[in-house]
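# Coordinates in review
Chain by chain, the residues run as shown.
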Amino acid sequence: MSDKIKVPKITDKTYYTLSQESYNRDRLDSKLKTGKPIQTDQKTYWFVEKIKRDHDTGLDAVVFSQGKKTEGGKWVKSDNPKNVVVAFAGTDPKSQFFQDVVDADGGNVVMGLDPKKKSQYIIEKDAKDTSKTIGKYNATPSQDAMLSTGKYKLITKTSQIGQADDLVREVKQKYKGTSTVISTTGHSLGGAEAEYSAVNNDICAVAFNNPSVVKLHAEEKQKEIRSGKYDSSVKAIVNPDDMTGSGWWDEYERHAGRTIYTKDPSTSRVERQIRLDPKYNGGIFGTVFNVAVDYIATTAMGMPDTHGLNKGNFTFDENGNVQNIEGDELVYDKNLKAMLPPEVASGSGAIKVTPEVAKQLAQKVNAMINDLRTMKREAENAYQEHDAEINDLKHDTYRQVGHGLYDKLTLEDVNNTLKNLAQSFDKKGNPLFYDVHAEKAYIASLQNTISDLEDISRHLAQIAKDFKSKDKMLANWLKL
């Protein structure tokens, strides 16, 4: 992780709650006006410092500062808050269809248009630049006529993703030289803005069901992303069934940092393969149509709701760590291609793994070892039982040779038939109805895996005993 990036002590659940709050415009306006804080589920209070909205571009952001508790138990706004979070609301197709769906989602996220590209807007001459404009300047005769009156002027704006980046830079500059830690969060398009601005400003971000916007960065920044520079500071928490967060067509190569799936993605990946297979959709045009229908149904209509910022897609343990939505103990780290405990997947700070987590990992590895040993024994027994059954069958047939229906059958006929049907033979030349080489390779692979896991388990146990000296090694091993 870059030394420049300060890591806040904020839980996944708190980011989730602040992301939810970013959608509640009336409540935010009221909190800003009255100066009253918002309480998150993690028993902390946050004050609305600033609201930034742009009706032309669709930017919808709020700056939260963490409150401070007085000796009398009252929560007050702090001049030097421990944390400041910039939260971005996601796509609003009802009131901002063209700004969010067409321009941002379609233009920037899908098409990869430069979010920093500037566009000109017409506005009344005496109006503030933050006021709602008349619209984009397209150099039409009627617009030029308006400008010629001297009552109107042109101003420039970037896309809302570019504006999000500018806002975060502004907030970071405000707290420069202080102990305040700046981070971002958001859901869907808001999560994309949170991730994009966090990478550009070297701060942390936790986003939910957000599309990947790696391609919007400059080539050099993309190289840094793919090298894992931001894996410890930027995190996308995604339901693998969600086409926005995991990829509307192919699965995303990656997000800017770590991607944590809220369940094992195996089933989701199989369903994706079926969804993209033309033979199941009446050809490529049918595939494109069905993908588009599925995307609209799940994201805009919630049928099924795999995208929403709700309990159906995101759940958390008692410590605020994101957990598996299917009730399993582990969540999936896409970068590591491994299932991990919630506290490891959500780890932050200088020490990424505690002795307790190391012990839990060792216990889980030992459980895997025991399961593999059972599989190995069952496999060995299955082959032995198979050999015994074939031997019994052969001798039963021998006893019937020359009698009744088998009066013309000879022992040689039996032996030749077994040889013809056999897939392999043992050392004594007895026929086997399985590939003996494949059997040996399978048993050997199980044993090799057991040996490797035993080594890992011993390392984890030692790390738990000698945590301080081994913590850095384990964090590097897990790429945290």
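Each remark here, short or long, concerns the structure printed above.
Residues numbered from 1 in each chain as written. Predicted model: local features only at pLDDT ≥ 70, side-chain atom pairs only at ≥ 80, totals over all residues. Heavy atoms only, no water.

### Some remarks on the overall build of the protein
Looking only at helices and strands, the protein has 15 helices and 19 strands in total. Buried residues in the protein amount to 45% of all 480 residues. For the protein, the proportion of contacts with a sequence separation of at least 24, taken over those separated by at least 6, is 62%. Element-wise, carbon and sulfur atoms account for 52% of the exposed surface of the protein, whose accessible area totals about 25,600 Å². (Helix = DSSP H or I, 4+ residues; strand = E, 2+ residues; numbered from the N terminus. Buried < 20%, exposed > 50% of the residue type's maximum accessible area, 1.4 Å probe, protein only. Contact = heavy atoms within 4.5 Å. Areas by Shrake-Rupley, 256 points an atom, 1.4 Å probe, with all protein chains shown as cover.)

### Focus: the sheet that holds strand E9 (residues 152-157)
Hydrogen bonds between backbone groups are what pair the strands of a sheet, and the pairing can be parallel or antiparallel. The sheet built from 3 strands is open, its strands ordered E8-E7-E9 with antiparallel pairing. Only two strands of the sheet have a single neighbouring strand rather than two, namely strand E8 (135-136) and E9. The pairing of strand E7 (residues 119-124) with E8 spans 2 bridges and is antiparallel. By the bridge assignment for E8, Ile122 is matched with Gly135. Taken strand by strand, helix H4 (residues 141-148) contacts E7, E8 and E9, and its axis lies near 115° from that of E9. (Pairing = 2+ DSSP bridges. Axes fitted to C-alpha atoms, helices over the stretch in contact; angles between N-to-C directions.)

### What about the packing of aromatic side chains?
Aromatic ring pairs: the centre-centre distance and the angle between the two ring planes describe each pair. This structure, assessed with the given rule, holds 7 aromatic pairs. Linked through ring pairs, Tyr16, Phe208, Phe314 and Phe316 together constitute an aromatic cluster. Taking the ring centre of Tyr121 as reference, the NZ or CZ of Lys157 above it sits at 5.2 Å. (Phe/Tyr/Trp six-rings, centres within 6.5 Å; stacked < 30°, edge-to-face > 60°. Lys NZ or Arg CZ within 6 Å of the ring centre and 35° of its normal.)

### Describing the environment of Leu421
Positionally, Leu421 belongs in helix H13 (residues 411-421). The class of Leu421 is exposed, set by a relative accessible area of 54%. As for Leu421 and Leu432, which are separated by 11 residues in sequence, their C-alpha atoms are 8.7 Å apart.

### Points about unusual backbone geometry
Pro304 follows Met303 through a cis peptide bond whose omega is -10°. Assignment of secondary structure puts Pro304 in the loop between helix H10 (284-299) and strand E14 (315-316). The phi torsion at Asn209 lies on the positive side, around 45°, for a residue other than glycine. Positive phi outside glycine occurs at Lys337, with the angle close to 55°. Along the chain, Lys337 falls in the loop between strand E16 (331-333) and strand E17 (338-340). Relative accessible area serves as the criterion here: at 65%, Lys337 is assigned to the exposed category.

### Structural notes on the sheet that holds strand E11 (residues 204-208)
Pairing is mixed across the open sheet formed by 10 strands, whose spatial order is E1-E2-E3-E6-E10-E11-E12-E13-E16-E17. For this open sheet the edge positions go to strand E1 (38-39) and E17, each flanked by a neighbour on one side alone. Strands in contact with helix H2 (residues 25-34) are E1, strand E2 (45-53) and strand E3 (60-66); relative to E2, the strand with the most contacts, it is inclined by about 110°. Along the sheet, helix H5 (residues 160-174) makes contact with E2, E3, strand E6 (83-88) and strand E10 (181-187), crossing E6 at roughly 170°.

### What about the pattern of salt bridges?
Throughout the structure, instances matching the rule amount to 23 salt bridges. For Arg25, the salt bridge is made with Asp60, and the minimal N-O distance between the two is 2.8 Å. Taken together, the residues Arg25 in helix H2 and Asp60 in strand E3 connect sequence positions 35 residues apart. Owing to a relative accessible area of 26%, Arg25 belongs among the partly exposed residues under this scheme. Put simply, Glu326 and Lys263 hold a salt bridge, and the shortest N to O gap is 3.6 Å. With Glu326 in the loop between strand E15 (322-323) and E16 and Lys263 in the loop between strand E13 (258-261) and helix H9 (266-276), this pair connects stretches of sequence that are 63 residues apart. Each member of the salt-bridge network shares a partner with another, and the members are Arg25, Asp29, Arg53 and Asp60. (Salt bridge = Lys/Arg side-chain N within 4 Å of Asp/Glu carboxyl O.)

### Let's talk about a nonpolar patch on the surface
Nonpolar side chains collect at one region of the surface, where Val110, Met111, Leu113 and Trp248 lie side by side and expose about 410 Å² of accessible area between them. Residue position: Met111 is located in the loop between helix H3 (97-110) and E7. With a relative accessible area of 62%, Met111 lands in the exposed category. (Patch = residues over 30% accessible without salt bridge, like charges linked within 9 Å, V, L, I, M, F, W, Y side chains within 5 Å.)

### Notes on the pairing of E6
For E6, the buried fraction is high: 6 of the 6 residues fall into the buried class. Going residue by residue along E6, you find Asn83, Val85 and Ala87 tucked away on one face and Val84, Val86 and Phe88 tucked away on the opposite face as well. In terms of strand pairing, E6 meets E10 through 6 bridges, oriented parallel. In the sheet register, Asn83 faces E10, and the bridge partner there is Val181.

### Re the side chain of Thr184
Looking at where Thr184 falls in the secondary structure, it is placed in strand E10. What makes Thr184 buried here is its relative accessible area of 0%. Once you skip the residues sitting within four places of it in the chain, Thr184 turns out to touch Tyr15, Val85, Val86, Phe88, Val168, Ala194, Ser197, Ala198, Ile203, Cys204, Ala205 and Val206.

### Focus on the packing of H5 against helix H6 (residues 189-201)
One can describe the packing of H5 onto H6 by two numbers: an axis separation of 9 Å at closest approach and a directional angle of 50°. Between H5 and H6, the crossing angle belongs to the class labelled oblique. Relative to H6, the crossing made by H5 is right-handed. Residues Gln160, Ile161, Ala164, Asp165, Val168, Arg169 and Lys172 of H5 form the contact with H6, whose participating residues are Leu189, Glu193, Tyr196, Ser197, Asn200 and Asn201. Here the contact of H5 with H6 is built from residues that sort into 5 nonpolar, 4 polar and 4 charged. (Parallel < 35°, antiparallel > 145°, perpendicular 65-115°, else oblique. Left-handed = near helix turned anticlockwise from the far one by under 90°. Nonpolar A, V, L, I, M, F, W, Y, C, P; charged D, E, K, R; others polar.)

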